[in-house]
Amino acid sequence: MSKTIDMPARMMPSATPTEAELAAWADLPRDEQVRRYQQLFQHPDCNTFTTDTPDDILAAARLRVAARRHG
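The shown structure was predicted, so the numbers you read here are calculated from the model rather than taken from an experiment.

Visitor: Just give me the short version of the overall build of the chain, but keep the residues and values in it.
Guide: Secondary structure summary: the chain contains three helices and zero strands in total. Starting at the N terminus, the α and β elements of the chain follow one another as α-α-α. Excluding contacts between residues fewer than 6 apart, the proportion of contacts in the chain whose partners are at least 24 apart in sequence is 56%.

Visitor: So what about the layout of surface pockets? Which residues, and what values?
Guide: One number sums up the size of the largest pocket: a volume of about 480 Å³. Looking at the largest pocket, it is lined by 15 residues, and the ones nearest its centre are Pro-13, Ser-14, Ala-15, Ala-61 and Arg-64. Here the element with the most residues in the lining of the largest pocket is helix H3 (residues 54–69); it accounts for seven residues. For the lining of the largest pocket, the per-class residue count stands at eight nonpolar, two polar and five charged. The space that makes up the second largest pocket amounts to roughly 150 Å³. Lining the second largest pocket, in full, are Leu-40, His-43, Asp-45, Cys-46, Thr-48 and Thr-50.

Visitor: I'd like a rundown of the packing of aromatic side chains, residues and numbers included.
Guide: With the rule as written, the count across this model stands at two aromatic pairs. The interplanar angle of 75° and the centroid separation of 5.4 Å between the aromatic rings of Trp-25 and Tyr-37 together place this pair among those described as edge-to-face. Residue Trp-25 is found in helix H1 (residues 19–27), and its partner Tyr-37 is found in helix H2 (residues 30–41); the two are separated by twelve residues along the sequence. Residue Tyr-37 is classed as partly exposed on the basis of its relative accessible area, which comes to 34%. Judged by centre distance (6.1 Å) and plane angle (15°), the rings of Tyr-37 and Phe-41 are stacked. Separated by four residues within a single helix, Tyr-37 and Phe-41 lie in helix H2, roughly one turn from each other. For Phe-41, a relative accessible area of 52% corresponds to the exposed category. Taken together, the ring pairs in this structure connect Trp-25, Tyr-37 and Phe-41 into an aromatic cluster.

Thresholds applied
Residues numbered from 1 in each chain as written. Predicted model: local features only at pLDDT ≥ 70, side-chain atom pairs only at ≥ 80, totals over all residues. Heavy atoms only, no water. Helix = DSSP H or I, 4+ residues; strand = E, 2+ residues; numbered from the N terminus. Contact = heavy atoms within 4.5 Å. 1 Å grid on protein atoms, 1.4 Å probe; cavity = no way out; pocket = protein on both sides within 12 Å on 5 of 7 lines; lining within 4 Å. Points joined across faces, edges and corners; volume = space filled by probe spheres on them. Nonpolar A, V, L, I, M, F, W, Y, C, P; charged D, E, K, R; others polar. Phe/Tyr/Trp six-rings, centres within 6.5 Å; stacked < 30°, edge-to-face > 60°. Buried < 20%, exposed > 50% of the residue type's maximum accessible area, 1.4 Å probe, protein only.

Encoded structure:
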């Protein structure tokens, strides 16, 4: 198994990545990308059901992106 790459250690897959995040992700070796996905899917939130619709989730994500852009 490969060693963990210490590129932005918190760099994880994102539904709304910045250009810098896309570049950092692309620079990771494939096995490191897979390891990070596996780590992400082991998070308890991945097993939590919600009553939110896809539209609700998209709207919330857009609000977070807008807030991140504006400070």
